[in-house]
Amino acid sequence: MANIAFVAGSSRANSQSSKVARFLRQRAIALGLCDDANSSVIDLGLVPLPLWPAEDEGPWALFAQQLAAADAVVIISPEWNGMAAPAIKNFFIYASKAQLAHKPGLLVGVSAGVGGAYPISELRASSYKNCRLCYLPEHLIVRDVEHVLNLPEPSSEADQYLRERIDYTLGLLGLYSSALTSVRAAADMSDKRFTNGM
Ligand SMILES: Cc1cc2nc3c(=O)[nH]c(=O)nc-3n(C[C@H](O)[C@H](O)[C@H](O)COP(=O)(O)O)c2cc1C
């Protein structure tokens, strides 16, 4: 069984991204990929990280522990003005290879409309270089977010499809989680010349 950290990247309290994070965690538990004790939700709306650099890094020490304990990470970002939300970009200034190197990362874009692809492409392009998080080729886009994942049973065909896609994609995350354990055990991260990615 893996330990999975779910990061809700909206800076709004009670965000839709937070709802998605909690739904994904419950599905991962139901699928036997992790359990309550071996999973965490880092909700950047409920427990905000101060804008880096900050004299007081607030909850970062706790988040760093949760991420370091994880075998896999799910990064959830709302699409704001065609971008990844600033809270998740700020998160990636704090996060480093000490917490995330060579761990599988599942990206999840969230939109109240039919968007959600921009945060995926932005984070694929610019969040992993130094922390070496390994994004899966699969990702999830939760469109029309206010009308899906609200109830135990799906409320529409789109909700049903999304839930099936979520189970499929979380299953893949579990497979990558097992596979990359041996990569982390064997990878030499000690050469100071290669501290940062190119
Ligand atoms: C400042 C702002 C900009 C937004 N821009 C977009 C956008 O470019 N594309 C989009 O699909 N939705 C956009 N939305 C709507 C979000 O997709 C929506 O708020 C969604 O529920 C996720 O936000 P939350 O996780 O903070 O609740 C925007 C929302 C805000 C607050």
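The structure under discussion appears in the preceding block.
Bear in mind the structure is a predicted one, so any value in this text is a computation, not a measurement.

Scoring rules and cut-offs
- Residues numbered from 1 in each chain as written.
- Predicted model: local features only at pLDDT ≥ 70, side-chain atom pairs only at ≥ 80, totals over all residues.
- Helix = DSSP H or I, 4+ residues; strand = E, 2+ residues; numbered from the N terminus.
- Rg over C-alpha atoms; globule rule 2.2 N^0.38 Å.
- Buried ≥ 20, exposed ≤ 12 C-beta atoms within 10 Å, placed from the backbone.
- Near = placed C-beta within 6 Å.
- Nonpolar A, V, L, I, M, F, W, Y, C, P; charged D, E, K, R; others polar.
- Pairing = 2+ DSSP bridges.
- Axes fitted to C-alpha atoms, helices over the stretch in contact; angles between N-to-C directions.
- Parallel < 35°, antiparallel > 145°, perpendicular 65-115°, else oblique.
- Left-handed = near helix turned anticlockwise from the far one by under 90°.
- Contact = placed C-beta atoms within 7 Å.
- Core = buried A, V, L, I, M, F, W, Y, C linked by C-beta atoms within 7 Å.

(A) Region of interest: the overall build of the protein. The number of helices and strands found in the protein is six helices and seven strands. Each helix and strand of the protein, placed in order from N terminus to C terminus, yields the pattern β-α-β-α-β-β-α-α-β-α-β-β-α. For the protein, the C-alpha radius of gyration of 16 Å lies close to 16 Å, the compact-globule estimate for 198 residues. Projected onto the principal axes, the alpha-carbon positions of the protein cover approximately 50 × 35 × 30 Å. Out of the 198 residues in the protein, the part that is buried amounts to 39%.

(B) Just the site of the ligand, in detail. Around the ligand lies a shell of 16 residues, among which Ser10, Ser17, Pro78, Ser111 and Gly115 are the nearest. Every element with two or more residues in the shell around the ligand is listed here: α1 (16-30) and β3 (72-80). The greatest single-element share of the shell around the ligand, amounting to three residues, is contributed by β3. Across the shell around the ligand, the residue classes break down as five nonpolar, nine polar and two charged.

(C) Representation of the pairing of strand β5 (residues 104-110) within the structure. Burial of β5 is extensive: seven of the seven residues sit out of reach of the surface. Where burial is concerned, the two faces of β5 agree: the one with Pro104, Leu106, Val108 and Val110 and the one with Gly105, Leu107 and Gly109 are both buried. Note that β3 and β5 share six bridges and pair parallel. From the neighbouring strand, Ser77 faces β5, where its bridge partner is Gly109. Sheet topology note: the β5/strand β6 (residues 134-135) ladder contains two bridges and is parallel. By the bridge assignment, Pro104 is partnered in β6 with Cys134. In terms of strand pairing, β5 meets strand β7 (residues 140-142) through three bridges, oriented parallel. Within β7, the residue paired with Val108 across the bridge is Leu140.

(D) Here's a closer look at unusual backbone geometry. Cis geometry is found at the peptide bond from Trp52 to Pro53, where omega equals 0 degrees. With respect to the secondary-structure elements, Pro53 resides in the loop between β2 (39-43) and α2 (60-69). If you check the backbone angles, Arg132 has positive phi at about 60 degrees while not being a glycine. Relative to the helices and strands, Arg132 is located in the loop between α5 (117-126) and β6. Despite not being glycine, Leu149 has its phi angle at roughly 60 degrees, a positive value. Positionally, Leu149 belongs in the loop between β7 and α6 (157-186).

(E) Spatial organisation of the packing of α1 against α6. Axis separation between α1 and α6 bottoms out at 10 Å; the angle between their running directions is 65 degrees. As far as their axial angle goes, α6 and α1 are roughly perpendicular. Of the two possible hands of crossing, α1 and α6 adopt the one that is right-handed. Every residue of α6 that contacts α1 at Leu24, Arg27 and Ala28 is listed here: Ile166, Asp167 and Leu170.

(F) Quick peek at the nonpolar core. Grouped together as the largest cluster of nonpolar side chains are 49 residues, with contacts concentrated most on Ile4, Val7, Val73, Val74, Ile76 and Val108. Val73 has contacts with Ala5, Val7, Leu67, Leu100, Lys103, Gly105 and Leu133, leaving out every residue within four places of it along the chain.

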